[in-house]
Amino acid sequence: MSPPQAKPGDPAPIRVLVVEDDPLAADAHRMYVDRVPGFAVVGTARSGGDPQRLLERTPADLLLLDLYLPDGHGLQLVRALRAAGNGADVIAVTSARDLAMVRDGVSLGVVQYVLKPFTFSTLRDRLLRYAEFRATAGEASGQDEVDRALAALRAPQPAAMPKGLTQATLHAVTEALRGAEEGISAAATAETVGISRITARRYLEHLVEAGRAARAPHYGQIGRPELLYRWLSEH
């Protein structure tokens, strides 16, 4: 579904380039961004070399950037863009938890980090906070106003787990999913983790919503097709 068209007089949307080599994750990220009012995806890049060529044709205000790309690290791409005079802001979408890398990214203009797996609400929160920060203009009246502008970007509230889900069980389901190369059903996940099939399905669907798993029907010899869940590779 296409994002709503801006009405005459509305501010121009924030243009986003999604940089993600996993096709399923790229599609999920694009869908997430297009669901947030005030943002529009202008393109998708699957490697570190693509964004520079795309940005020459279609400018972007913000990169939604996976740090682990098949032809290099995402921060190398940011350095190349800065050297070429491109000042687009960056939200890093990654499983990397190295705080030294976070500091390096901040110095290059990475304004937010979103750790995988994440939900739509988590990304929406970061995007809306970025939009609030970006909208600040003019001269601050004092220190309080400067602090408020920075707080919009730097102090997001932790995203809550969906009601009834716990981090410990999510970790166990994630490990079961990652260990099943050919995919795993809710029933098999339930048996592996020691929870009910309905509970297992809730966690698996949460991982799909977070963009860390994919589901597809598996057709056996008898009966209705069974949904198999597959872990999307780490980046």
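Above this text is the structure in question.
Attention here is on the structure that accompanies the text.

Scoring rules and cut-offs
- Residues numbered from 1 in each chain as written.
- Predicted model: local features only at pLDDT ≥ 70, side-chain atom pairs only at ≥ 80, totals over all residues.
- Heavy atoms only, no water.
- Phe/Tyr/Trp six-rings, centres within 6.5 Å; stacked < 30°, edge-to-face > 60°.
- Helix = DSSP H or I, 4+ residues; strand = E, 2+ residues; numbered from the N terminus.
- Buried < 20%, exposed > 50% of the residue type's maximum accessible area, 1.4 Å probe, protein only.
- Contact = heavy atoms within 4.5 Å.
- Core = buried A, V, L, I, M, F, W, Y, C linked by side-chain atoms within 4.5 Å.
- Axes fitted to C-alpha atoms, helices over the stretch in contact; angles between N-to-C directions.
- Parallel < 35°, antiparallel > 145°, perpendicular 65-115°, else oblique.
- Left-handed = near helix turned anticlockwise from the far one by under 90°.
- Nonpolar A, V, L, I, M, F, W, Y, C, P; charged D, E, K, R; others polar.

**Considering the packing of aromatic side chains**
Tallied over the full model, the rule gives one aromatic pair. Summarising the aromatic geometry, the rings of Y32 and F120 are spaced 5.5 Å apart at their centres and angled 55 degrees between planes, so their arrangement reads as tilted. Taken together, the residues span a long stretch of sequence, with Y32 in helix α1 (residues 23-34) and F120 in helix α5 (residues 120-135) at a distance of 88 residues. Its relative accessible area of 2% is what places Y32 among the buried residues.

**Points about the environment of V16**
Relative to the helices and strands, V16 resides in strand β1 (residues 14-19). The sequence separation of V16 and V41 amounts to 25 residues, and the corresponding C-alpha distance is 4.6 Å. Residues in contact with V16, not counting those within four places in the same chain, are V33, F39, A40, V41, V42, G43, L62 and L64.

**Focus: the nonpolar core**
Of all hydrophobic cores here, the largest spans 20 residues; its most connected members are V19, L63, L65 and L67. Mapped onto this core, the elements with two or more residues apiece are β1, β3 (62-65), α3 (74-83), β6 (89-94), α4 (99-108) and β7 (110-115). Beyond its immediate chain neighbours, meaning those up to four positions away, L67 contacts G72, H73, G74, L75, A92, V93, T94, M101 and Y113. Grouped together as the second largest cluster of nonpolar side chains are 19 residues, V33, F39, V41 and I91 included.

**Structural notes on the packing of α3 against α4**
Direction vectors running N to C along α3 and α4 enclose 20 degrees, while the axes themselves pass 10 Å from each other. Between α3 and α4, the crossing angle belongs to the class labelled roughly parallel. Crossing handedness for the pair α3 and α4: left-handed. Here L75, V78, R79 and R82 of α3 come into contact with α4, specifically with M101, D104, G105 and L108. Looking at the contact of α3 with α4 residue by residue, the class counts come to four nonpolar, one polar and three charged.

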